[in-house]
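Geometric and topological summary
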Amino acid sequence: MEDQLELNPNSLNGLTESSALPHSLKEVDDDDDAPVLSSHALAALKEFLSEQQSHHSAAAEGETATAVEESKVSLVSEDWRLSQFWYSADTAKTVAEEVLKLCNGSVNSPVACIACPTLYAYLKNMDPNVPAQLLEYDKRFEQYGSDYTFYDYNHPEELPPELKHSFKIVVADPPYLSKECLEKVAETISVLIQPGESFLLLLTGEVQKERASEILGLHPCGFRPQHSSKLGNEFRLFTNYDPGTRLGGWER
Ligand SMILES: C[S@@+](CC[C@H](N)C(=O)[O-])C[C@H]1O[C@@H](n2cnc3c(N)ncnc32)[C@H](O)[C@@H]1O
């Protein structure tokens, strides 16, 4: 019968000689002359295992940090029947940072998040004072209290009167990549947006590029939104303003 050669770095602590090798480091055959590692080989093995151990510890620390950071923003699980694909943490943070920059700390810059609950969650996480409203079909987001408004893009103008023409910044991520859906969301945007200077950000598939320009006068940024699940469609971020060097620049 043959035992497994077990390479557990913890079992090497304090060992310098082959004779002190635990059973787990011996390649044991049935005979009594089982080979053991020489002191030279043992030293090399210890060095290798110690490096492995420090790589694993670093990786484990990284995982813990990510988990801690992400645990601050809690999201409901994706429901693919509702075309729900949440942004990756990096994408949500990048877009939230851009929106906060546009707000410039002003309570006079309310933000409407149309069908982008992850963005709403990150915005509130990064600045709890930012005035933001989530318009969403999924009623699980009623958990956000008065910041939540039920919204169905099929009824684009069915909105509470107090929300009309009251947002300086509107971010939208329509559930479908169709012309009809974009046109209806555009109607909603026109009802929500304030007169005067306003900022519009649209996250949607690359395939909507021409329509985003025709219907809303938007142009794509270099930044490529990513999702926590891999999607087949490439996504883009379109804006009605020049972000300068932010968001990977503006393509016109
Ligand atoms: C492509 S996802 C965008 C989510 C975004 N990536 C995020 O992470 O927040 C589309 C969103 O549209 C919502 N939705 C689904 N059906 C809808 C409808 N009939 N009217 C409005 N929104 C709808 C989904 O619940 C989902 O949040």
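If you look the chain up in an unreviewed UniProt entry, it shows as Protein-lysine N-methyltransferase LOC107476009 from Arachis duranensis. Taken directly from UniProt, the Function (unreviewed entry) text for the chain runs: "S-adenosyl-L-methionine-dependent protein-lysine N-methyltransferase that methylates elongation factor 1-alpha." Reading the Subcellular location (unreviewed entry) entry of the UniProt record for the chain gives the comment "Cytoplasm".

1. A short note on unusual backbone geometry
Glycine aside, negative phi is the norm for most residues, and most peptide bonds take the trans geometry. Its identity as a non-glycine residue notwithstanding, Ser83 has a phi of 60°, on the positive side. Locating Ser83 in the fold gives a position in the loop between helix H1 (39-71) and helix H2 (89-103). Taking the C-beta count within 10 Å as the criterion, Ser83 has 15 such neighbours and is therefore assigned partly exposed. You will see that Ala115, though not glycine, has its phi angle at about 55°, which is positive. Note on placement: Ala115 falls in the loop between strand E1 (111-114) and helix H3 (117-126). The class for Ala115 is buried, based on 24 C-beta atoms found within 10 Å.

2. Some words on the site of the ligand
Taken together, 20 residues lie around the ligand, and Ala115, Thr118, Tyr137, Asp173 and Pro175 are the ones closest in. It is H3 that contributes the most residues to the shell around the ligand, 3 residues altogether. Looking at the shell around the ligand residue by residue, the classes come out as 12 nonpolar, 4 polar and 4 charged.

3. A few points about the packing of helix H4 (residues 179-192) against helix H5 (residues 209-216)
The geometry of a pair of packed helices is captured by two quantities: the angle between their axes and the separation between those axes. At their nearest, the axes of H4 and H5 sit 11 Å apart, and the two run at 35° to each other. Two packed elements cross with a definite hand, and for H4 against H5 that hand is right-handed. Residue-level contacts link Lys179, Leu182, Glu183 and Ala186 of H4 to Arg211, Ile215 and Leu216 of H5. Residue classes in the contact of H4 with H5 are distributed as 4 nonpolar, no polar and 3 charged.

4. Details of the nonpolar core
Counting residues in each nonpolar core, the largest one holds 50 residues, and the members touching the most others are Val111, Cys113, Ile114, Leu119, Val170 and Val171. Top element by residues in this core is H2. It accounts for 6 residues. Apart from residues lying up to four places away in sequence, Val171 is in contact with Val99, Val111, Cys113, Ile114, Cys116, Leu119 and Leu201.

Each value, and the rule that gives it
Residues numbered from 1 in each chain as written. Predicted model: local features only at pLDDT ≥ 70, side-chain atom pairs only at ≥ 80, totals over all residues. UniProt positions renumbered as here; feature names shortened; annotations may be inferred. Helix = DSSP H or I, 4+ residues; strand = E, 2+ residues; numbered from the N terminus. Buried ≥ 20, exposed ≤ 12 C-beta atoms within 10 Å, placed from the backbone. Near = placed C-beta within 6 Å. Nonpolar A, V, L, I, M, F, W, Y, C, P; charged D, E, K, R; others polar. Axes fitted to C-alpha atoms, helices over the stretch in contact; angles between N-to-C directions. Left-handed = near helix turned anticlockwise from the far one by under 90°. Contact = placed C-beta atoms within 7 Å. Core = buried A, V, L, I, M, F, W, Y, C linked by C-beta atoms within 7 Å.

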